[in-house]
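As a plain string of letters, each chain reads:
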Amino acid sequence: MKILVTGATGNLGRHVVERLRRSGQEVRALTRTPAGAAGLPGDVEVVGGDLTEPQTLAAALGGVSAVHLLGATGHDHAPLRTGPQIMAMAAEAGVRRLTVLSAGEEGELEQAVRDSGLEWTFVRPIDFMSNALGWAQVIRDTAEVREPYANRRTASADETDVADVVATVLAGGGHAGRSLTVSGPEALTPADKVSAIAAATGREIRFTELTDDQARRQWRAEGWPEEGIEFMLHMWATVPEAVARVTSAVEEVVGRPPRTFAQWAAAHADAFRP
């Protein structure tokens, strides 16, 4: 079967493509920037297209049996608004199976997927461990992470585990009609993650908790817009308990426990070293 992976040059999409090829699947990789696809396996068919412009997707959908679809696009991760058009095109092209990377909130795309008649599975990561790479520069420069709300806990998932879940469902089926919430094996605070990075790098790295006002001053000095500052403070002050919930999705689908943050940190230690 031929499988179309959208967002194929992104942090998750690259891993999905690699895992599908490793299992012998024929892969077509969709990206808005084909020139950025150099890191994909050489035998992957790369095509250009934009999910926000369905008219660019006809060739990409031709001859594929399964699709991995991003639920959000762009640097601001805006919800995909062209779901109904894409679902109609996919059904007409003969697509049978679909995985959707979803943020968890039901919207127009999710409803279009449910109404499509295709075999679908929503994949909802609680949070990606790779988001910790946002600390890489400051850790390299100062060996310190300074943030408010130190007690917030998230059961972040290794992006390669999420890719394994997606690739397994796309290639083998099963889990149709399900929403799979993918987590890591433990819920950690930011300080816990910094400690794991310190252990992986062999460096002493501090975590300093800020008050709201200290965070405002720091982020303003870094050039953040006021609305972005207030949004982030509100988001971190109201983190739902659900993001700390460990799920069994990786073990159910892939057949092994999810990777720990310590394992992720060890694999990415060089990103945090000067």
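Reference entry: report on the structure contained in this document. (Residues numbered from 1 in each chain as written. Predicted model: local features only at pLDDT ≥ 70, side-chain atom pairs only at ≥ 80, totals over all residues. Heavy atoms only, no water.)

1. Quick notes on the packing of aromatic side chains
This model, assessed by the stated rule, comprises 5 aromatic pairs. Arranged with centres 5.8 Å apart and planes meeting at 70 degrees, the rings of Trp219 and Trp236 form a pair that is edge-to-face. Taken as a pair, Trp219 in helix H8 (residues 212-221) and Trp236 in helix H9 (residues 226-237) lie far apart in primary sequence, 17 residues in all. Of the two residues examined, Trp219 and Trp236, each falls in the buried class. Three or more aromatic residues link up through ring pairs in this structure, and these residues are Trp219, Trp224 and Trp236. Arg152 extends its terminal NZ or CZ atom over the ring of Trp236, reaching a point 3.7 Å from the ring centre. (Phe/Tyr/Trp six-rings, centres within 6.5 Å; stacked < 30°, edge-to-face > 60°. Helix = DSSP H or I, 4+ residues; strand = E, 2+ residues; numbered from the N terminus. Buried < 20%, exposed > 50% of the residue type's maximum accessible area, 1.4 Å probe, protein only. Lys NZ or Arg CZ within 6 Å of the ring centre and 35° of its normal.)

2. With respect to the sheet that holds strand S10 (residues 178-182)
If you trace the 7 strands from one edge of the open sheet to the other, you get S3-S2-S1-S4-S7-S8-S10, paired in parallel fashion. Since the sheet does not close on itself, it has two edges, and those belong to strand S3 (45-48) and S10, each with one partner. Neighbouring strand axes in the sheet, compared pairwise and without regard to direction, differ in orientation by 20 degrees on average. Sheet analysis places strand S7 (residues 97-101) next to strand S8 (residues 119-125), joined by 5 bridges and oriented parallel. (Pairing = 2+ DSSP bridges. Axes fitted to C-alpha atoms, helices over the stretch in contact; angles between N-to-C directions.)

3. Some thoughts on the packing of helix H1 (residues 13-22) against helix H6 (residues 159-172)
In the contact formed by H1 and H6, the axes pass within 8 Å of each other and the chain directions differ by 50 degrees. Between H1 and H6, the crossing angle belongs to the class labelled oblique. For the crossing formed where H1 meets H6, the hand is right-handed. Residues His15, Val16, Arg19 and Leu20 of H1 touch H6, and the partners they reach there are Glu159, Thr160, Ala163, Asp164, Val166, Ala167, Leu170 and Ala171. Split by residue class, the contact of H1 with H6 holds 7 nonpolar, 2 polar and 3 charged. (Parallel < 35°, antiparallel > 145°, perpendicular 65-115°, else oblique. Left-handed = near helix turned anticlockwise from the far one by under 90°. Contact = heavy atoms within 4.5 Å. Nonpolar A, V, L, I, M, F, W, Y, C, P; charged D, E, K, R; others polar.)

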